[in-house]
Structure formats: structure tokens, C-alpha cells
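Analysis of the macromolecular model
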Number of protein chains: 4
Amino acid sequence: MTERRGKQQRGIATQTALIEASARVFARMEYDTAKLKDISEEAGISLGSLYFHFGNKDDIASAVLDEQQTRMKTVLSAVAEAPHEHALAQLLSLIDEMAALIARDAMVQAGIRLLNSLPDELQARGYGDYVSWQEITQEIIVAGIADGSVTSPRPAEELAEILNEVFVGAQVMSGMRDAWASLPDRITRVRPLLLELFAPTGTR
Amino acid sequence: MTERRGKQQRGIATQTALIEASARVFARMEYDTAKLKDISEEAGISLGSLYFHFGNKDDIASAVLDEQQTRMKTVLSAVAEAPHEHALAQLLSLIDEMAALIARDAMVQAGIRLLNSLPDELQARGYGDYVSWQEITQEIIVAGIADGSVTSPRPAEELAEILNEVFVGAQVMSGMRDAWASLPDRITRVRPLLLELFAPTGTR
Amino acid sequence: MTERRGKQQRGIATQTALIEASARVFARMEYDTAKLKDISEEAGISLGSLYFHFGNKDDIASAVLDEQQTRMKTVLSAVAEAPHEHALAQLLSLIDEMAALIARDAMVQAGIRLLNSLPDELQARGYGDYVSWQEITQEIIVAGIADGSVTSPRPAEELAEILNEVFVGAQVMSGMRDAWASLPDRITRVRPLLLELFAPTGTR
Amino acid sequence: MTERRGKQQRGIATQTALIEASARVFARMEYDTAKLKDISEEAGISLGSLYFHFGNKDDIASAVLDEQQTRMKTVLSAVAEAPHEHALAQLLSLIDEMAALIARDAMVQAGIRLLNSLPDELQARGYGDYVSWQEITQEIIVAGIADGSVTSPRPAEELAEILNEVFVGAQVMSGMRDAWASLPDRITRVRPLLLELFAPTGTR
DNA sequence: GATGAATGAGAATTCATTCAT
DNA sequence: TATGAATGAATTCTCATTCAT
């Protein structure tokens, strides 16, 4: 019994190591560019073992994407539960936290890069879409409109879309330039623009 | 003479067809995902012929990137030569024209996508960088500061960087959603933000 | 431990089989004429496996050349350690042994043939040269001059060069005519000439 | 008529240029290593034209080999017709002349190299063999035995074979080291050995 | 669970040869 | 005659996946 548990634990450790190595690799290069050998070498674990734990390349990417979503949701929940003056403050806080997460977590970086280079089968599995993130921000924006912190006359959907664009732009540029290290700074830098977006000067 | 020209023309026609087919393929998928057979089939030209005109996959990507740069420079020159009230107007016009170009031209779309999926050797050849574009916009911004149309207290470099972020964000989102068709609209939509960026309300 | 050794052994066995099959193929035809499929079929091992063990065609040729050198050095050492009346006897013995080795060992035959058909990259790796063999014989000749067994007034370097020519001539002819089978006989046949070379009649 | 003759002349000039370019290329590398494009570039003549004049790669090699034989026969005849004290002198003279020819004539160099790297079909066409050369020298040796200039007790065939070996050895070494430039010197250097071969000291 | 080895289905690339002009 | 272009049949090489231990 103890032995079995030992084995299980060992297996889980391997699996974790593999997912983390995958994240590091996928954060560096596209899906097709990343070779399973790169991953097994990055993890220091044999290719055979990789296949014991994951059925194929797609599954590994899925695992990374799942883990990414988990980590993003954790941040999301934390922000949701923290007290905020109003919805706009919460939204800005969410963006800050998300930027910080991306900057520090290769798993999330990998997920971001994977979204742009996923084969069709995986796209179909429901990854490969910014939709859910956009829905979340949109909800907060709606709340902001309700509580008066968002005064822009634009519809919530459009605001969410624009926010997304700006955020993605900062992500892409920081991803290209310095492996996302500069993302938090970049976000800080565009905050005035976002404020103007959500609460234009004339309307405040 | 005519004979020679005839042969050259045929070759040039094939080469052009190949570059355009490559552009369509690279606009759809990453460098590694795109197979040379995809290109040769898209062009209706044999793989062998492809290799007669281009030495290898890298060379084809290079040719696409070269042609992209040519087309972007054409638009750039046109905007530079057109009369504008002031530098800021010129900058906004440039962005509009560039968005329109991207939306309609697979060559430019391919170039954009290639920038994110280029193998190292090609990166080294001087592609793979937004730098030159950023320098161009920065120059115009400097002119705008000089002629008073840009009133933001931020340094020109930072303004250029932020503009770039917003533009790239719109590119990426439109690229994912609808093959860049919505890019011009997206740019139109963020214009107020850009105005606020370059000429903040309090400073106008 | 046993398990690991078992796996390694299997791999080594395959590798050995591949090198030996390569030797047989390269002994029969030039580098460019030999196809990797010839080798993999000769070895009864898949092309993929060949690439698992050797990165490319050059590496296989290198492996063959390395093994050839090893085998030649083995003979060399054996002759060096065996007792001889004088250096000239040792030299003649070395030539005999080398001829016998060439006649019986496809690895060495392959190496010989490869030397004439190696691509430039491999030439550069230090193969593709008779120099070291010539240096060895030259050293023995110098010893022969010292111990009086070599009485020719020619400089040692020239003697080594001429010896080399005669030896190579016999190699080439036997290689063309009967896959090196006749080499030992040919060497025996030219012995009087070699004696005359090292100890001319008038000087003995 | 004149026009036709003009055209024919032009064609012959092209053909000659092609054969000579082929010779230069084949003198540098093996049959399989030499690419038809190498030849057409060396000649400065298009690949298409090459195929107009020669049916395929084999035919080009054949043409080179034919021309080589012509040139060797010319030297042979010249030596045969020149007056000599005795057959041995003629033989040595023949070897000298042949060495000089090889050293200066890329066509002959090409032929030599081709002999070792010819595909089977060409071997079958009667090239690929030193036999005829050996027969020629053997005949002279027989004459030498008859006129007393060759005093070796060895049979003529063996003498011819050994001569061949030594000559080939010198060819190969000079071919590898300096594109056959040193061949005449090498031949001069081994002359005492050859004398000893044909007229051993004790028998003169 | 884990590993090194093996495999086959592509993918990139080469090149003798043919074609259209 | 001559040429640039085109082609297809190899050939080398890659890599996700499977296998044996």
C-alpha cells in the first residue's frame, strides 16, 4: 500500500515536471516548432515516460492549457473576492494581477503562445479562444456601468473588446521583447488610456 | 532579345505566383506548420520548380518578407508625400492606411504572422523585428512635438511604443478573429484613445 | 542495472551492425554512390533507426573511419611490441600485417575507399589524409638508419614517400581487381624492390 | 551553306568547351559527386545545351574517356616511333612521357579519376580498366626480354603488373597531394627501383 | 512507471532529364 | 543550336509515436 502510494507520488511528480518543462518550452516557441524531444530533455525525463503520462503531443498542450486556466482562475477568484471601491477599480486590479501572473508564470506564458499556434483539433477542444476572458471582463464592465464607475457611452462589449486589444498588444510586445518581463510596466503605462476608455474626461 | 525576355518573363511569372501563394499560405499558418507542398499546390506549380526558383524554405519566407516590406514602404511613402495639416494627422493617416493595407493584402498578413514564427536563422537576417516600424512612427511623433500637434508630456519613444502596442493588439485580435478584415474598424474604434494618448485632454 | 545494461547492449549491437554494414557498402562504392538505404538494408535495420544512432551520412562515414583507425592502430601496436632484429625487419613486418588487415577487413577497405571520395566537411575533420601513416613509417625508417638496417642515402622522408606510393599502388590495383584479396601477394612480390629501396645493393 | 557550316562550327566549339569543362570537373571529383550543373557552369554553357550535345551524364563521361584515350594514344605513338637504344629505354621513356601528359592534361586526369568512380553501365562499355595499358607495357617488356635489355627472371606479365602498381601509386599520391603536378618528379624518383625491377643488379 | 531503442509516415532537398521557346 | 524553366523520382533527414525490457 505504501509502496503503491510511493509509486503514485513518483508518477505525479514526473507528470508535474513534464508539464512544467512543456510550459517552459511552449513559452519559448510555437506548437509545431516545439519538439517532444525538446520537452523531454528540458524535463530530464525520457520520451517513453512522456508517452506513458500523456497520450500524444496534443494532450500535453491540453494539459498545459488546463493548468494555465487553473492559474488564471485562481487570480481571477482572488481579485473577485478582494474588496474594491467599485467595479472599475476591480477591473484595473484584475488587469494588474493578470499582468503580474503572466510576467512570472511560464505556464501562463505557454498558454498565451499556444493560443496562436494550435492545430485545428485543439482549437476545436475549446481552447484557442480569448472569448472566456473577454466575457469575464465584460461582466465586470457591466457592473461598472451599473455602479457608475464606468461612464463611457460605448457598449460594454465594445469596451471589453478594446481593453482586450490593448492588453493583448502589451502581451505580444513584451513577449517578443523580453519574455513578458516588461508586461506589468507596460500595463501601468497604458493605465491613463484605459481610464480614458472607461471614463472619458467629458463624462466623469 | 524578345526570346530572352519571353523566358525571363515566364520565370518571373512563376516566381511571383509562388511568392503570392506562399503569402496566402503563411497568412493562414505558422512557418513550421506550412509545408512546401501546401505552397506548391496553392500555386499550382511543382515542388521541383519551387526549388528551382528558391533554394529552400527560408528563402521563400525571406522573399515574402521582402515583398511585405516593399509594400509597406510604398504605403509609407504615399502617406509621407501626401499633404497633412500637421504631423499628428499624418501619423493617424499612416495608421489608417497601414490598417487598410494589412486588411487587404495577404503578403503583408503573411509577413505579420511570419514575424512570430520565424526560425532563428531568419531572425538573424534582420527580419523579425518591429524596430524599423517603431522608428518611423517615432520620427513622426517627434515632428508632431515640434509642430505642436503632439502635446503629451511623455517622451516620443514611449509614445511610439504605446502606439505600437495598441496597433499590434488590434492586428492580433483581427488576425485571429477574421483574417484581419476587421482591422480598419478596430483602428477607427481606438482613435479616441490614440488622440488622448498624443494630445491628452488637459494639454490641448 | 542489468536492465540498463541490456538496453545499452541492444543499442550498441545495432550501432555495431550499422557500422559494419556501412563498411561493407563503402568498401564497394564511393561515398556519394552509397545510399543510406543501401546501408540500412545491408544491416537489416530501418532507416529511422540509422538516424537514431547517427545524425547524418557524414557521421556514419566518420564512425567507419574512426573504427578503421582503431583497427589499424591495433595492428600497428602489435607490430611495435613484437621483437624484431632491426627496424627494417619491423617495417617490412608492418607492411605485411597491414596488407593482411586490409585484405581481410571490410572496415579498413571502406576507410581506404572513403579517403578518395570524402566530402569537404569530412576532409576537414582530419580524415582524408595519409599523413599519419606516412609519419609512422618515417619514424621506423629513421630508426632503421640509426641501427644500420637502412643504408639508402635518400632522406627518410623520401623513403617513406616512395614506400607509400608502392603500397598505395598495390592497394589500388588489388582493390580494383579483386576486392583487395591479392594485396598480400602483391606486397610479397614487391619486397625485393623495397629491399633495394631501403638497402641498395651497392650499400649493403 | 556557309551558314550551316558556321552553325556546325559553333556547335563543335560548344561541344569541345563542354568536354573540356567536364574534364576539369571530373578531374576534381568523383563521377557521382560531379553534378551536371557544375559542368555547365564550369563551361559557361547552359544545361539545356549540354543535353543537346550529349544524351546524358554517362555520355559525357564517355566522351571524356574517349578523348583521354586519344591523347594517351598520341603519346604512345610518338614514343613508339621515336628511336630508342633498346626496349627498356623505350619503356622508361613511355612512362616519363605519360607522367608528363597526366601532369599537364586535365582530360587525362579526369579519365584517371573516372576509372575509379564509374557506374556499372560505363564499366561495361569497356572503360574502367587498366588492362589495355598493361598490355602495351607488357609487349614492350617482352621486346626488352628479347633484346636483352630486360634481364629480370620474372615473367613479363608480372613485371608489367608491378610496373603498373608503382605507376598507379605515384599517380594516386600526386593526384591527392597536388593535382598530379608532382607526378613527373615522383616517377623520376622511383626510376632506380624500376631499373632494379627490370634489370636486377645481379643479372645485368 | 521508466527507459532507450525502433519505426514509418512524412517533409525538405537534390538533380538528372525533359520541355517550350 | 541554345536557353531558362519545369518536373518527378529519388534521397536525405525529421519526428511523433510505439515497442521491448
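From a predicted model like this one, the values you see are computed outputs, not experimental measurements.

Conventions adopted
Residues numbered from 1 in each chain as written. Chains lettered and ligands numbered in written order. Predicted model: local features only at pLDDT ≥ 70, side-chain atom pairs only at ≥ 80, totals over all residues. Heavy atoms only, no water. Contact = heavy atoms within 4.5 Å. Buried area = accessible area lost by both parts, 1.4 Å probe. Salt bridge = Lys/Arg side-chain N within 4 Å of Asp/Glu carboxyl O. Polar contact = N/O pair within 3.5 Å; in protein donor to acceptor, adjacent residues only side chain to side chain. Helix = DSSP H or I, 4+ residues; strand = E, 2+ residues; numbered from the N terminus. Nonpolar A, V, L, I, M, F, W, Y, C, P; charged D, E, K, R; others polar. Phe/Tyr/Trp six-rings, centres within 6.5 Å; stacked < 30°, edge-to-face > 60°. Lys NZ or Arg CZ within 6 Å of the ring centre and 35° of its normal. Buried < 20%, exposed > 50% of the residue type's maximum accessible area, 1.4 Å probe, protein only. UniProt positions renumbered as here; feature names shortened; annotations may be inferred. 1 Å grid on protein atoms, 1.4 Å probe; cavity = no way out; pocket = protein on both sides within 12 Å on 5 of 7 lines; lining within 4 Å. Points joined across faces, edges and corners; volume = space filled by probe spheres on them. Least-squares fit on C-alpha atoms with pLDDT ≥ 70 in both. Arc of directions from axis to C-beta.

Comments concerning the interface of chain A and chain B
Facing 33 residues of chain A, the contacting portion of chain B comprises 32 residues. By the criterion of area lost to chain B, the three top residues of chain A are E165, R189 and L193 of chain A, representing 22% of everything that side buries. Scanning the region where chain A abuts chain B turns up eight salt bridges. Taking the shortest distance from any N to any O, the salt bridge between E165 of chain B and R186 of chain A comes out at 2.9 Å. At the surface where chain A touches chain B, the tally comes to eleven residue pairs in polar contact (both at pLDDT 80 or more). Contributions of two or more residues to the side of chain A that touches chain B are made by α6 (106-115), α9 (156-178) and α10 (183-198) of chain A. The biggest single contributor to the side of chain A that touches chain B is α9 of chain A, with 13 residues. Of the residues in the side of chain A that touches chain B, the class split is 13 nonpolar, eight polar and twelve charged.

Observations regarding the packing of aromatic side chains
Inspection of the entire model under this criterion finds eight aromatic pairs over all chains. For K57 of chain C, the ring lying beneath its charged end belongs to Y31 of chain C, and the centroid distance is 4.6 Å.

As for helix α6 (residues 106-115) of chain B
Residues and elements named next belong to chain B. Counting buried positions along α6 yields nine of ten residues, so the element is predominantly enclosed. Listed as buried for α6 are M107, V108, Q109, A110, G111, I112, R113, L114 and L115. The residue sitting at the N-terminus of α6 and contributing the capping side-chain oxygen is D105; that oxygen lies 2.8 Å from the backbone nitrogen of M107.

As for the UniProt feature "domain: HTH tetR-type" (unreviewed entry) in chain A
Following the UniProt record, the feature "domain: HTH tetR-type" (unreviewed entry) maps to residues 12-72 of chain A here. Between the end C-alpha atoms of residues 12-72 of chain A there is a gap of 22 Å, over a span that is 79% helix and 0% strand.

Here's the deal with the interface of chain C and chain D
Each side of the interface is counted separately: chain C has 33 residues, and chain D has 33 residues. Overall, the association of chain C and chain D removes approximately 2900 Å² of surface from exposure, summing both partners, and the carbon and sulfur fraction of that is 59%. If you sort the residues of chain C by the area they bury against chain D, E165, R189 and L193 of chain C come out on top, with a joint share of 23%. Taken together, the links from chain C to chain D amount to eleven residue pairs in polar contact (both at pLDDT 80 or more). Listed by contribution, the elements that provide at least two residues to the side of chain C that touches chain D are α6 (106-115), α9 (156-178) and α10 (183-198) of chain C. Of all the elements, α9 of chain C adds the most residues to the side of chain C that touches chain D, at 13 residues. Grouping the amino acids of the side of chain C that touches chain D by side-chain chemistry returns 13 nonpolar, eight polar and twelve charged.

As for the side chain of S152 of chain A
Residue and element names in this part refer to chain A. Considering the arrangement of structural elements, one finds S152 in the loop between α8 (131-147) and α9. Overall, S152 belongs to the buried group, its relative accessible area being 8%. Dropping the residues within four chain positions of it, S152 is found in contact with L159, L197, F198 and P200.

Let's talk about empty space enclosed by the protein
All names here are of chain D. In this structure the tally under the stated criterion is one cavity of 30 Å³ or more. Taken together, L92, I95, D96, I187, R191 and L194 make up the full set of residues lining the largest cavity. For the lining of the largest cavity, a count of residues per class yields four nonpolar, no polar and two charged.

Section: the environment of D96 of chain C
All names here are of chain C. Relative to the elements of secondary structure, D96 occurs in helix α5 (residues 87-104). Overall, the relative accessible area of 26% leaves D96 in the partly exposed class. Along the chain, D96 and D185 lie 89 residues apart, while their C-alpha atoms are 9.5 Å from each other. Other than its neighbours up to four places away in sequence, D96 contacts I187 and R191.

Describing the relation of the copies chain A and chain B
Superposing chain A onto chain B takes a rotation of 180 degrees plus a shift of 0.1 Å along the axis, which leaves an RMSD of 0.2 Å. The superposition of one copy onto the other is thereby described by a two-fold rotation axis. Minimal C-alpha separation from the rotation axis in chain A is found for G169 of chain A, amounting to 1.8 Å. Interface overlap between copies is the fraction of interface residues in one copy that are interface residues in the other; for chain A against chain B it reaches 97%, indicating a shared surface.

Thoughts on unusual backbone geometry
For W180 of chain A, which is not a glycine, the phi torsion comes out positive at approximately 70 degrees. Take W180 of chain A: it is sitting in the loop between α9 and α10. A positive phi angle, near 55 degrees, is found at A179 of chain C, a position not held by glycine. Mapped onto the secondary structure, A179 of chain C falls in the loop between α9 and α10.

Comments concerning the environment of A110 of chain A
Inspection of the secondary structure puts A110 of chain A in helix α6. Non-local contacts of A110 of chain A, meaning those with residues more than four positions away in its chain, are made with A23, F26, A27 and V64 of chain A.

Points about helix α2 (residues 36-43) of chain A
Residues and elements named next belong to chain A. The set of residues buried in α2 consists of L36, I39 and S40. Along the axis of α2, the buried residues cluster in a sector spanning 95 degrees; they form a single face. Projecting away from the buried face of α2 at angles above 90 degrees are the exposed residues K37 and E41. Residue G44 follows α2 closely and has a positive phi angle near 70 degrees.

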